[in-house]
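The chain contents come next:
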Amino acid sequence: MRRLSPNDVNLPAAKVQAERRATRRRCLELWTMRIAALIAAMCVAVVTPSSAVAQPGDAAASMPTCQLNPGTSHTVARVIDGETIALDDGREVRLIGALAPRATDAAAASGTWPAEQSAVAFLSKQVIGERVQLAFGDGPRSDRYGRLLAHVFIGVGATRQWIQGEMLAAGWARAYTLSGMTACAHELLANERAARLSERGLWGLPSYRALAASRPGQIMKRRNHFERVSGHIATVARTASGVYVNFGGDWKTDFTIVVSKDTLKREPDFASRLNTLVNQSVTVRGWIERRNGPMIELYHSSQLEVSLAHNVEAAKPASNAPMLNGPAANDPAPADSDTETKKNRPDPPIETDPSGLQL
């Protein structure tokens, strides 16, 4: 690009002005292109996925279409466990939304559970020494231990890989949501579903088979653990505090799903369909709590999957899962003395149309 010099004074004035305007225009175009490139590098790429057939290593299939807030980039120094990495600045990052297997899943000794070791090995191969970009949902960005709660990406553009998606598609993690942290919930589940249907990774192990809702005694033994529970819904009861989805006739002992008012308000379409779940076969995921009988709280509609077939996955308990051994499966859960358990949860008759639900 030539600049005008004092020697150009002999050029016609109109030509000088035209060349000056052209020079300014070219400079402006160059700066616009540089700024656009910088913004593009900072943003999290949004790619249309083929989630139902996601395969590990397939960046396009693993990428989320949800909106995330871009964070900073760092090099991964080490892998702490199957869902936690350490960055070059000393901070730790929890791969939010992807729960890696642990020895406690099968009551195994720490460090001896093969699924846990495989998850760590897979994650290590993906990220150690790599430059990664962090991205965040709208919820909290760190936990009480100071660990960042982030989605992690490697690469740029078409080669970008979503690490949560890779872990789930390979079968070395389970999708989950927490209160206030539901970003990309459907995309997480879609990647997990592909691995589950193919029985990849942990899904080939009986320990991760869904529990039967008809066996509340067995479910209660998994209190404070993340589980999937399958069964037929008996009633749906609406109260001032939320919706109770009951899997039996005695809410004091049977398994129940609780959907809070906040969740109902965030997802009105899902809230309006809950009544149509009666007599449907479903699978719910989350942490087992005790509220009279065993209970899972729903923070997002992705936690509840409606079965297309009536065959429940948990028709019989896993034979090699030591945590399922003990008293008879149908033994009722002991009464809970907490104030919360004394709440009345009525089960009024409800008119339903099960055929209309498509979650």
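About the cut-offs
Residues numbered from 1 in each chain as written. Predicted model: local features only at pLDDT ≥ 70, side-chain atom pairs only at ≥ 80, totals over all residues. Heavy atoms only, no water. Helix = DSSP H or I, 4+ residues; strand = E, 2+ residues; numbered from the N terminus. Buried < 20%, exposed > 50% of the residue type's maximum accessible area, 1.4 Å probe, protein only. Contact = heavy atoms within 4.5 Å. Core = buried A, V, L, I, M, F, W, Y, C linked by side-chain atoms within 4.5 Å. Expected span 1.5 Å × (residues − 1). Disulfide = S-S within 2.5 Å. Phe/Tyr/Trp six-rings, centres within 6.5 Å; stacked < 30°, edge-to-face > 60°. Pairing = 2+ DSSP bridges. Axes fitted to C-alpha atoms, helices over the stretch in contact; angles between N-to-C directions.

Engineer: Got a minute to help me understand the environment of Thr 182 in this structure?
Structural biologist: Relative to the helices and strands, Thr 182 is located in the loop between β8 (174–175) and α5 (185–198). Note on Thr 182: relative accessible area 22%, which makes it partly exposed. Along the primary structure Thr 182 and Ile 96 are separated by 86 residues, whereas in three dimensions their C-alpha atoms are 9.4 Å apart. Those residues in contact with Thr 182 that lie beyond four places of it in its chain are Thr 177, Tyr 299 and His 300.

Engineer: Sorry if this is basic, but what is going on with the side chain of Ser 301 here?
Structural biologist: Mapped onto the elements of the fold, Ser 301 is located in the loop between β16 (293–298) and β17 (304–306). Beyond its immediate sequence surroundings of up to four residues, Ser 301 is in contact with His 186, Glu 267 and Phe 270.

Engineer: Help me out: how do you make sense of the nonpolar core in this one?
Structural biologist: Nonpolar side chains in soluble globular proteins tend to be buried together. With 41 residues, the main nonpolar core has Ile 85 and Leu 134 as its most contacted residues. Contributions of two or more residues to this core are made by β1 (69–81), β2 (84–87), β3 (92–95), α3 (114–127), β5 (131–136), β6 (148–154), α4 (163–170) and α5. Apart from the residues within four sequence positions on either side, Leu 134 is in contact with Asn 69, Pro 70, Gly 71, Thr 72, His 74, Leu 87, Val 93, Leu 148, Ala 150, His 151 and Val 152. Counting 24 residues, the second largest nonpolar core, distinct from the first, contains Ala 213, Val 259, Ile 296 and Leu 298.

Engineer: What is the right way to look at α3 in this model?
Structural biologist: The terminal C-alpha atoms of α3, which comprises 14 residues, lie 20 Å apart, in line with the 20 Å expected from a rise of 1.5 Å per residue. Considered for burial, the residues of α3 that qualify are Ala 115, Glu 116, Ala 119, Phe 122, Leu 123, Ser 124, Gln 126 and Val 127. In the segment just after α3, Gly 129 is the residue with positive phi, at about 80 degrees.

Engineer: Is there a simple way to think about α5 in this case?
Structural biologist: One turn of an α-helix holds 3.6 residues; hence residues three or four places apart share an orientation. Spanning 14 residues, α5 covers 20 Å between terminal C-alpha atoms, matching the ideal 20 Å at 1.5 Å per step. Counted residue by residue, α5 has ten buried out of 14 residues, so it is predominantly covered. For α5, the full list of buried residues reads Ala 185, Glu 187, Leu 188, Leu 189, Ala 190, Asn 191, Glu 192, Ala 194, Ala 195 and Arg 196. One or two residues past the end of α5 sits Glu 199, with phi positive at roughly 55 degrees.

Engineer: What's the story with the state of the cysteines in this structure? I'm lost.
Structural biologist: Applying the stated criterion to the full structure yields one disulfide. There is a disulfide in this structure between Cys 66 and Cys 184, and the S-S distance comes to 1.8 Å. Taking the torsion about the sulfur-sulfur bond, which here is approximately 85 degrees, the covalent link between Cys 66 and Cys 184 counts as right-handed. Here Cys 66, found in the loop between α2 (59–62) and β1, pairs with Cys 184, found in the loop between β8 and α5; they are 118 residues apart in sequence, far enough to count as distant. The exposure classification of Cys 66 matches that of Cys 184, with both residues buried.

Engineer: I'm lost on the packing of aromatic side chains in this one. Help?
Structural biologist: The way to describe two aromatic rings as a pair is by their centre distance and the angle between their planes. Within this structure, the stated rule accounts for four aromatic pairs. Ring centres of Tyr 176 and Trp 287 lie 5.5 Å apart, and the angle between their planes is 90 degrees; this geometry places the pair in the edge-to-face category. A residue pair is termed long-range when its members are at least 10 positions apart, and Tyr 176 in the loop between β8 and α5 and Trp 287 in strand β14 (residues 281–287) qualify at 111 residues. The class of Tyr 176 is buried, set by a relative accessible area of 7%. With a relative accessible area of 29%, Trp 287 lands in the partly exposed category. Seen from their ring centres, Phe 247 and Phe 255 are 5.1 Å apart, and the 50 degrees between their planes marks the pair as tilted. For the pair Phe 247 and Phe 255, one class covers both residues: buried.

Engineer: Even after reading the chapter, I still don't get the sheet that holds strand β11 (residues 235–238), so can you show me in this structure?
Structural biologist: Two strands in a sheet stick together by hydrogen bonds in their backbones, pointing the same way (parallel) or opposite ways (antiparallel). Strand order in the open sheet formed by five strands is β11-β12-β13-β16-β15, and the pairing between neighbours is mixed. Each edge of the open sheet is held by one strand with a lone partner, namely β11 and β15 (289–291). Each strand of the sheet is rotated relative to its neighbour by a mean of 35 degrees, with strand direction disregarded. Bridge analysis of strand β13 (residues 256–260) against β16 gives four bridges, and the strand direction is parallel. Residue pairing in the sheet places Val 258 in a bridge with Glu 297 of β16.

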